[in-house]
Amino acid sequence: MRIIFMGTPDFSVGTLEALVEAGHDVCLAVTQPDKPKGRGKEMQFTPVKEAAVKHGILVYQPKRVRDPECVEELRKYNADVMVVVAFGQILPKEILEMTPYGCINVHASLLPKYRGAAPIQWAIIEGESVTGVTTMQMDEGLDTGDMLEKVEITLDKKETGGSLFDKLSAKGAALCVHTLAELEKGTITPQKQGESTTEYAKMLNKKSGEIDWTKTAVEIERLIRGLNPWPSAYTYIDGKTLKIWEAEVLDRNYGCEYGEVAEVTRNCLIIQTGIGALSVKSVQLQGKKRMDIAAFLNGYTGLQNLMYLADIQKRVDRDAVRHTIERVGLDPDDKRKYRKYSLGMKQ
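Residues numbered from 1 in each chain as written. Predicted model: local features only at pLDDT ≥ 70, side-chain atom pairs only at ≥ 80, totals over all residues. Heavy atoms only, no water.

**Thoughts on the overall build of the protein chain**
Regarding its fold elements, the protein chain presents 11 helices and 15 strands. Here the protein chain holds 347 residues, and the buried ones make up 48% of them. Here the contacts in the protein chain between residues at least 6 apart in sequence split such that 63% fall between residues at least 24 apart. As presented, the protein chain carries roughly 18300 Å² of accessible surface, and 48% of it is formed by carbon and sulfur atoms. (Helix = DSSP H or I, 4+ residues; strand = E, 2+ residues; numbered from the N terminus. Buried < 20%, exposed > 50% of the residue type's maximum accessible area, 1.4 Å probe, protein only. Contact = heavy atoms within 4.5 Å. Areas by Shrake-Rupley, 256 points an atom, 1.4 Å probe, with all protein chains shown as cover.)

Pasting the structure below:
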């Protein structure tokens, strides 16, 4: 088939590569304009543009796909179908109905669940055990077109946004090739979506990752996995941002306030949540590299002080306790500094 491909991020590349490998004539790749990136603000190609250039495919980067000149430009290619994968702009009716087979979309969820911009992350955050990819005949709504084909996958217990992204990208690429073949044969019967049983999978930003310690340990752990690697889940410690990359749920309440350090040893940091607790496994302090919790605790002075205090809590001699508190540089009369240590405050 003669195809106009529309996509922008890494997730789209797998489908473009699969269409080329299957022998389709991808006559044009439409992607978002290049953007400056990094400290030098150098213009960077989108992942789809990089892949298209590698295969010698013409690239078109309109600022607004709705503009009349863009619509007319696309019409020149006389394509059989348009394949749209995470393009990043809403398509007008003129484009949706331009080709004989219309616009086929690859969406990273089992529609009608998780319509929207971030279905991969939200499936993990909401605790789904199964998700998948749907090919869809696009209409003017937002991910509301008739469903063509689906493929399911079971989520791993430690599934992250990054690992699920890779799996669904590969599944979506193969499914798209199969869908186009079946469309040509006329063997697919489109199905209406009906009402979604989930909320709209709204777009994520950096603020989405701030941990609310009043939530349950299970909910927070899912947030951590779902937002790994981007935008990442984070909290604050001594006014600095602390990203949490991995944690384990503990079915135990320590009787302290949510967000409070419930237990700390040389290789263990446990935080009380609204219900249950989290044993933090991997973190990244502001300005530092990612590290396991033992390495972090070894180098972070405030929590080292807590470890010293934990070592002497079993002693009865109050003078010995006071001496140790003074030795590690804390004010023995400020109980807040050595009896409690909380995360989540930016000040």
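**A word on the sheet that holds strand β7 (residues 103-107)**
Spatially, the 7 strands line up as an open sheet ordered β5-β2-β1-β6-β7-β8-β9, and their pairing is mixed. Pairing within the sheet leaves two strands with one partner each, and these edge strands are β5 (59-60) and β9 (146-154). Both strand β1 (residues 2-7) and strand β2 (residues 25-30) contribute to a ladder of 5 bridges, which runs parallel. Considered in β2, the bridge of isoleucine 3 is made with valine 26. Sheet strands touched by helix α1 (residues 10-21): β1, β2 and β6 (81-85). Its angle to β1, the strand with the most contacts, is close to 170°. Contacts from helix α6 (residues 161-185) reach β1, β6, β7, β8 (130-137) and β9 within the one sheet, and its direction differs from that of β9 by about 145°. (Pairing = 2+ DSSP bridges. Axes fitted to C-alpha atoms, helices over the stretch in contact; angles between N-to-C directions.)

**Let's talk about the packing of α1 against helix α2 (residues 47-54)**
Interhelical geometry of α1 versus α2 gives an angle of 25° and a closest axis separation of 8 Å. Comparing their axes, α2 and α1 come out roughly parallel. With respect to the hand of their crossing, α1 and α2 are arranged in right-handed fashion. On α2, the residues touching Asp10, Ser12, Val13, Leu16 and Glu17 of α1 are Pro47, Val48, Ala51, Ala52 and Lys54. Its residues placed into classes, the contact of α1 with α2 shows 6 nonpolar, 1 polar and 3 charged. (Parallel < 35°, antiparallel > 145°, perpendicular 65-115°, else oblique. Left-handed = near helix turned anticlockwise from the far one by under 90°. Nonpolar A, V, L, I, M, F, W, Y, C, P; charged D, E, K, R; others polar.)

**Observations concerning the pattern of salt bridges**
What the rule picks out here adds up to 14 salt bridges. One salt bridge in this structure joins lysine 192 and aspartate 146, with 3.4 Å as the shortest N-O distance. Placement of lysine 192 in the loop between α6 and α7 (217-226) and of aspartate 146 in strand β9 is noted, with a sequence separation of 46 residues between them. Assessed through its relative accessible area of 68%, lysine 192 is described here as exposed. For arginine 225, the salt bridge identified is with glutamate 221, shortest N-O distance 2.8 Å. Remark: glutamate 221 and arginine 225 occur in helix α7; sequence separation between them is 4 residues, near one turn of the helix. Accessibility classification places arginine 225 together with glutamate 221 in one group, the buried group. Bridged by salt links that share partners, the residues Lys158, Glu221 and Arg225 form one connected network. (Salt bridge = Lys/Arg side-chain N within 4 Å of Asp/Glu carboxyl O.)

**Topic: α1**
Helix length check: α1, at 12 residues, gives a terminal C-alpha distance of 17 Å against a target of 16 Å (1.5 Å per residue), a fit within 8%. Buried within α1 we find Phe11, Ser12, Val13, Thr15, Leu16, Ala18 and Leu19. Taken together, the buried residues of α1 touch β1, β2, α2, β6, α5 (119-125) and α6. Taken from the residues just after α1, glycine 23 is the one with a positive phi, measuring 95°. (Expected span 1.5 Å × (residues − 1).)

**Considerations on the side chain of glutamate 149**
If you trace the backbone, glutamate 149 turns up in strand β9. Buried charge without a salt bridge: glutamate 149, with lysine 185 as the nearest opposite-charge side chain at an N-O distance of 9.3 Å. A polar atom in the side chain of glutamate 149 sits 2.9 Å from the side chain of histidine 178. Excluding anything up to four places from it in sequence, glutamate 149 contacts Val133, Thr134, Thr135, Leu175, His178, Thr179, Glu182 and Ile188. (Lys, Arg positive; Asp, Glu negative; His and termini not counted. Polar contact = N/O pair within 3.5 Å; in protein donor to acceptor, adjacent residues only side chain to side chain.)

**Here's the deal with the confidence of the model for the protein chain**
Scored by pLDDT, the protein chain comes out at a mean of 90, with 88% of its residues at no less than 70. Note that residues 311-318 has pLDDT below 50 and, in this model, 3 contacts with residues that lie over four places away or in other chains. A low-confidence stretch, residues 332-339 (pLDDT under 50), is modelled with 13 contacts involving residues beyond four sequence positions or located in other chains. (pLDDT = per-residue confidence, 0-100.)

**Structural notes on the environment of glutamate 257**
The topology assignment puts glutamate 257 in the loop between β11 (240-250) and β12 (261-265). Exposure remark for glutamate 257: the relative accessible area of 47% places this residue in the partly exposed category. Put simply, glutamate 257 and serine 342 are 85 residues apart on the chain and 8.4 Å apart in space, counted from C-alpha to C-alpha.

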